[in-house]
Amino acid sequence: MFKKNNIINFWVLSFTFSLAACGGSSDSAEKKIVSKTAPVITLAADNIEYMQSARVTLAASISDQENNVDAIKWTLLSSPEGAEINIEDNTKQNTQFLAPNVLGEYKLNLSATDTDGLESNKEMLVNIVSLETYLVPKLEKLINNHYEKHKALVSNMALRVNFEDFDFVWQSAVGLADTSEQREMTEYDSFRIASVSKNITAVTALKLIDLGHFELDTPIGDILSDSDLPDGYTVDDLHVKDGIKRGKTITIRQLMDHSSGIRNFISYLTDTESPDYLEFESALSDEPRTLPALWTSQLILSNILDRGLTKNLDTLPGEAFLYSNSGTHLLAIVIEKVTNTSIHDAMKNLVFRPLNMNDTYMDMFQQSIATPVDHFFDVNESDYSNSLPENMYGNQNIIELNINTSYNPAGAGIISTLADLDRFYAALKHNTLIINEALQQELHTWKLDDGDGGAYGLGLDIRSYIVGNSTYTHRGHSGLWGVEAFDYQPIDVRIIGWVNQANTEADLNLEVLSLLDEIGFKYTSF
């Protein structure tokens with residue numbers, strides 16, 4: 001019996017150990033279930049600040065020991081009263097949404113659940129602030145940094161950015177307005193707007209159309225007579241191609257969109273008979289001045305005709321774009337004929353006064369409201385193949401040289417300010433100056449291919465380009481002396497930038513666009 005019981009006990013003991021080895025213990029099974037872990041969420045930041053109407057980035061990393069994450073979800077927990085957000089894809093750990101215009105704190109939750117039903121949550125606080133709060137320090141930094149980068153050539157800059165949708169305007173200036181007097185630049189200083197003047201000349205003519213004096217497609221032969229031209233010339237002499245005179249057929253529209261076919265009387269110092277060359281040469285000469293004190297409309301027109309710029313033309317009127325100050329000057333002559341006054345007085349009566357552009361005037365022809373700030377033109381030997389007199393080379397201060405700019409009043413003769421240019425372009429955009437609806441439509445839609453990837457309208461430069469990952473379109477004008485004044489779509493922002501160096505790589509407008517693109521301002525509009 002004794003041996004038998006021992007054998008039985010040994011067998012029971014062995015069986016028990018065998019069960020344990022095979023995992024038969026309920027305690028061990030419970031331990032294995034408990035060891036399973038929920039997903040781990042790590043937020044890139046749990047408290048962030050963004051600007052209204054800008055891209056808010058939600059970023060997180062999610063890990064799981066068992067690698068079995070099944071579902072991810074962003075949820076809005078709380079927000080200012082009445083505010084909502086639209087997360088692009090709330091099932092992704094990295095996503096985005098357009099910040100609402102309701103300011104305040106938005107609390108979001110990110111949840112992650114695995115296939116075992118285990119869940120983790122992390123909360124994020126997003127504080128939406130105003131454009132002013134968010135952008136002012138960034139814009140101040142932008143203009144200061146851009147000035148530091150380019151101050152070897154640029155002595156002053158000014159910038160105005162208008163966010164009309166938000167009733168917010170920011171402007172600032174850096175550098176020296178007057179280098180000899182060491183006077184600091186302010187955002188209220190006046191500057192020469194160069195070819196932005198063409199836009200104002202075109203709008204002066206549009207206002208005359210608005211008042212019923214003529215039409216966009218009225219031929220200038222219906223307005224001008226031969227007696228309006230210098231002695232020995234007729235209106236038909238204004239366009240000669242293949243021996244055929246067509247000057248009378250040029251229309252008002254073609255003068256505005258630069259399709260008249262007449263060559264440019266401004267040579268940018270490449271033609272010794274052009275007024276710009278003559279005035280530049282005279283300003284640098286020690287000899288007594290022999291040029292007129294003021295270039296009248298008839299003197300400028302004589303220069304155009306005497307130099308043969310209306311002869312042997314390459315294109316018919318309306319056939320192709322050819323940028324030309326000559327067409328703008330002819331438009332000014334039409335305006336003077338119809339209004340029986342000077343181009344500068346017509347601008348004052350039809351544009352400046354109605355729009356309260358009180359700091360804008362025609363250089364040399366009207367009483368100076370304020371002295372324009374210094375601006376420079378770098379005349380480089382390589383650009384002119386060493387063809388100019390030696391004393392012309394160098395980075396010339398146009399103000400200090402006291403160059404007579406009356407030779408191109410309609411195309412480049414206006415002096416203005418950031419605020420006045422803002423008023424002008426706001427009036428064009430919102431149709432507060434041009435009242436006729438059909439004419440408004442023409443102003444906003446007419447454009448001619450400029451042969452360089454852009455277009456030109458009724459005195460307006462129109463161009464689209466990519467900044468970052470977005471395509472922007474501008475409407476407005478720029479000028480050689482350093483101004484850019486444009487409305488930008490689809491973000492609906494107006495930027496007016498001044499850099500006092502002709503042909504410089506400095507570009508404040510592009511810097512602002514790059515900043516707005518980087519923060520995703522109105523990114524859902526694209």
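Further up the page is the structure itself.
Residues numbered from 1 in each chain as written. Predicted model: local features only at pLDDT ≥ 70, side-chain atom pairs only at ≥ 80, totals over all residues. Heavy atoms only, no water.

Draft legend 1. View of the overall build of the protein. In terms of regular secondary structure, the protein is built from 14 helices and 24 strands. Computed over the C-alpha atoms, the radius of gyration of the protein is 35 Å, more than 25% above the 24 Å expected from 2.2 N^0.38 for a compact globule of 526 residues. Overall size of the protein, expressed as C-alpha extent along the three principal axes, is 150 × 50 × 45 Å. Here the protein holds 526 residues, and 52% of them are scored as buried. Long-range contacts, defined here as pairs at least 24 residues apart, represent 67% of the contacts in the protein between residues at least 6 apart. When the accessible surface of the protein is split by element, carbon and sulfur atoms take 48% of a total near 24700 Å². Of the charged side chains in the protein, 38 are positive and 74 negative; the average position of the first set lies 7 Å away from that of the second. (Helix = DSSP H or I, 4+ residues; strand = E, 2+ residues; numbered from the N terminus. Rg over C-alpha atoms; globule rule 2.2 N^0.38 Å. Buried < 20%, exposed > 50% of the residue type's maximum accessible area, 1.4 Å probe, protein only. Contact = heavy atoms within 4.5 Å. Areas by Shrake-Rupley, 256 points an atom, 1.4 Å probe, with all protein chains shown as cover. Lys, Arg positive; Asp, Glu negative; His and termini not counted. Charge placed at Lys NZ, Arg CZ, Asp CG, Glu CD.)

Draft legend 2. Quick look at the sheet that holds strand β18 (residues 414-416). Taken in spatial order, the three strands make up an open sheet running β12-β18-β15, and their pairing is antiparallel. Sheet topology places β12 (191-192) and β15 (361-362) at the edges, where each strand pairs with a single neighbour. Sheet analysis places β15 next to β18, joined by two bridges and oriented antiparallel. Across the sheet, residue Met-362 finds its bridge partner in β18, namely Ile-414. (Pairing = 2+ DSSP bridges.)

Draft legend 3. Region of the structure containing the packing of aromatic side chains. Considering all chains together, one arrives at eleven aromatic pairs under this definition. A ring pair is formed by Phe-280 and Phe-377, whose centres lie 6.3 Å apart and whose planes are at 90 degrees; its orientation type is edge-to-face. Residue Phe-280 is located in helix α6 (residues 275-283), and its partner Phe-377 is located in strand β16 (residues 376-379); the two are separated by 97 residues in the primary sequence. Like Phe-280, the residue Phe-377 is buried in the burial classification. Plain terms: the ring middles of Tyr-323 and Tyr-456 are 6.4 Å apart, the flat faces sit at 75 degrees to each other, and that makes the pair edge-to-face. With a gap of 133 residues between them, Tyr-323 in the loop between α7 (297-306) and α8 (325-339) and Tyr-456 in strand β20 (residues 455-456) connect regions that are remote in the sequence. Through pairs of rings, three or more aromatic residues link up here, namely Phe-163, Phe-166, Phe-168 and Phe-521. (Phe/Tyr/Trp six-rings, centres within 6.5 Å; stacked < 30°, edge-to-face > 60°.)

Draft legend 4. Representation of helix α13 (residues 437-445). Taken together, the buried positions of α13 are Leu-439, Gln-440 and Leu-443. Along the axis of α13, the buried residues cluster in a sector spanning 105 degrees; they form a single face. More than 90 degrees from the buried face of α13, the exposed residues found are Glu-437 and Ala-438. In this structure Asn-436 caps α13, since a side-chain oxygen of it lies 3.0 Å from the backbone nitrogen of Ala-438. (Arc of directions from axis to C-beta. Polar contact = N/O pair within 3.5 Å; in protein donor to acceptor, adjacent residues only side chain to side chain.)

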